Amino acid sequence: MKSFLRAGTAIAGIAFAGSALAADLPRRAAPPPVFQPVPVFTWTGFYAGFNAGYGFGTGDNNNNPTVIGVNGASGLVAPGGTAVVAFNNRRSDEGFVGGGQIGYNYQFTPGSGVVIGVEADAQYVDFGRDRNRFAVAPGSSAFLAGTQIFNPNGLSGLDFFGTVRGRLGYAFDRTLVYGTGGFAYGSGGGSDFGLPNGSSDDFRTGWAAGGGIEYALPTDSFLNFFKSSAVTLKVEGLYVNLDRGNRLNGAFGATPAGNLVYTTSPGVILASGNLARQRETEFAVVRAGLNYKFGSY
């Protein structure tokens, strides 16, 4: 019995010594945590979006009143009758502007750095609603039914315009400040400034320049309906200058039969005032836009 107890005591001692020795051994080191760097934002990539804003004329060409005298030979009033019409030429070259744009940016250094790009846009415009308002002098003969009198000043008839521009700016992380400039075009979309029997070729070209600021929202923004790499908001100002092709800028009359009358011959239609030729259509646009960016983070 004593021998059994001594053997058990020895075994327990050996086990205790082994566990103490194991406790003194160095433990196996845990693997270091994996560091996931936060991606640095870059403006590089394609984008597409839409915009809306306000446009207004900036030209100051030939705003003197237009006065025309009409008699029966014109076909606008009854034979033997005479009439005097006056346009005040107060320009109403302002209104809504809206459309869409596509483009591509390249940023040389992610985070903060120089950004270059190219952008094309197409815009609907609503200008010149009040361009043909006139007054008839007291005592004038009544115009024949169907007669129309036009004074195609300013931007009347401009239905749309577009641009293809380069962009150069500097990014402060998610904020981009830029300048822009390039080719511009526009059209009245039909007859020459809304006149019957006018030219249907009213396409004009010119140039545009401006600048703006753009900010990129986080990728998980509630505006990111298309799961793009970023949604950006911008505010932009643009000046547009279109060549009007040296068109006459006086007063026109259309007879009930649809014939266009424009002449300075005494006895038909005598015009004074705005008979100069305007060569340019000038206007500015202030607009806000939203872009969906696709490509690099």
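All figures in this text were calculated on a predicted structure; none of them were measured in a lab.

*Asks:* I keep staring at the nonpolar core and nothing clicks. Help me out?
*Replies:* Across soluble globular proteins, you tend to see nonpolar side chains buried next to one another. Val97, Val125, Phe127, Leu158, Phe161, Ala184, Ala208, Leu238, Val240, Leu242, Phe283 and Val285 form the largest nonpolar core, which has twelve residues in total. Elements with a contribution of two residues or more to this core: strand E11 (230-248) and strand E15 (277-294). With three residues, the single largest contributor to this core is E11. Setting aside anything within four residues of it in sequence, one finds alanine 184 in contact with Gly162, Thr163, Arg204, Thr205, Gly206, Trp207, Ala208, Val240 and Leu242.

*Asks:* Help me understand a nonpolar patch on the surface, please; the structure alone is not making it clear to me.
*Replies:* Judged by side-chain polarity, Tyr106, Phe108, Val114, Ile116, Leu168, Tyr170, Phe172, Val177, Ile213 and Val235 come together as a nonpolar surface patch covering roughly 910 Å² of accessible area. Elements represented by at least two residues in the nonpolar patch include exactly strand E5 (112-125) and strand E8 (160-172). Top element by residues in the nonpolar patch is E8. It accounts for three residues. Along the polypeptide, tyrosine 170 turns up in strand E8.

*Asks:* Help me understand the side chain of glutamine 101 in this model?
*Replies:* Within the secondary structure, glutamine 101 is located in strand E4 (residues 94-107). At a separation of 2.7 Å, a polar atom in the side chain of glutamine 101 contacts the side chain of asparagine 291. The contact partners of glutamine 101, leaving out residues within four places of it in the chain, are Ala48, Gly49, Phe50, Asn51, Glu119, Ala120, Asp121, Lys234, Leu290 and Asn291.

*Asks:* Just checking my understanding: could you explain the confidence of the model for the chain for this structure?
*Replies:* Low-pLDDT portions of the prediction should not be read for the details of their coordinates. For the chain, mean pLDDT is 76; residues scoring 70 or higher make up 63% of the total. Below a pLDDT of 50 lies the segment residues 189-201, which in the model reaches 31 contacts outside its immediate sequence neighbourhood of four places, other chains included. In the predicted structure, residues 264-277 sits below a pLDDT of 50 and forms 45 contacts with residues beyond four places in sequence or in another chain.

*Asks:* Quick question: what am I supposed to make of the pattern of salt bridges here?
*Replies:* Pairing of side chains with opposite charge becomes possible as their charged atoms draw close. Tallied over the full model, the rule gives nine salt bridges. In this structure, arginine 167 engages glutamate 214 in a salt bridge whose closest nitrogen and oxygen atoms are separated by 3.4 Å. Pair noted here: arginine 167 is in strand E8 and glutamate 214 is in strand E10 (residues 204-217), with a separation of 47 residues, a long-range link. The pair arginine 167 / glutamate 214 is uniform in exposure class, with both members buried. The partner of glutamate 236 in a salt bridge is arginine 287, with the nearest N and O atoms 2.8 Å apart.

*Asks:* Hey, could you run me through the pairing of strand E9 (residues 175-187) in this one?
*Replies:* Regular strands show a simple pattern: their side chains alternate between the two faces of the sheet. Across 13 bridges, E8 lies against E9 in antiparallel orientation. When the sheet's bridge partners are listed, phenylalanine 160 is paired in E9 with serine 187. As paired strands, E9 and E10 are joined by twelve bridges and run antiparallel to one another. Within E10, the residue paired with leucine 176 across the bridge is glutamate 214.

Rules used in this analysis
Along each chain, the written sequence defines residue order, and numbers are assigned to residues from 1. With pLDDT at 70 or above as the cut-off, local features in this predicted model cover only qualifying residues; side-chain atom pairs require 80 or more to be listed or tallied, and sums for whole chains, interfaces and linings still use all residues. Calculation of side-chain values draws on the structure's entire complement of heavy atoms; hydrogens and water are dropped beforehand. We define a nonpolar core as any set of buried Ala, Val, Leu, Ile, Met, Phe, Trp, Tyr and Cys residues linked to one another through side-chain atoms lying within 4.5 Å. Summary of the burial criterion: residues with accessible area below 20% of their type's maximum are buried, those above 50% are exposed, and those between are partly exposed, where the area comes from a 1.4 Å probe applied to protein chains only. Secondary structure counts use DSSP, requiring at least four H or I residues in a row for a helix and at least two E residues in a row for a strand, with both numbered from the N terminus. Here, two residues are considered to be in contact whenever any of their heavy atoms come within 4.5 Å of each other. Exposure above 30% relative accessible area and the lack of any salt bridge qualify a residue for a patch; like charges then connect within 9 Å, and the nonpolar side chains Val, Leu, Ile, Met, Phe, Trp and Tyr within 5 Å. Using a 1.4 Å probe, accessible areas were evaluated by the Shrake-Rupley method; residue-level cover was limited to the displayed protein chains. Just to be clear on terms, a salt bridge is a Lys or Arg side-chain nitrogen sitting within 4 Å of an Asp or Glu carboxyl oxygen. Here a polar contact is recorded for every N or O atom pair within 3.5 Å, except that within protein the pair must consist of a potential hydrogen donor and a potential acceptor, and residues adjacent in sequence are included only if both atoms are side-chain atoms. In predicted models, pLDDT denotes the confidence assigned by the predictor to each residue on a 0 to 100 scale. The pairing criterion for strands is at least two bridges between them, as found by DSSP.

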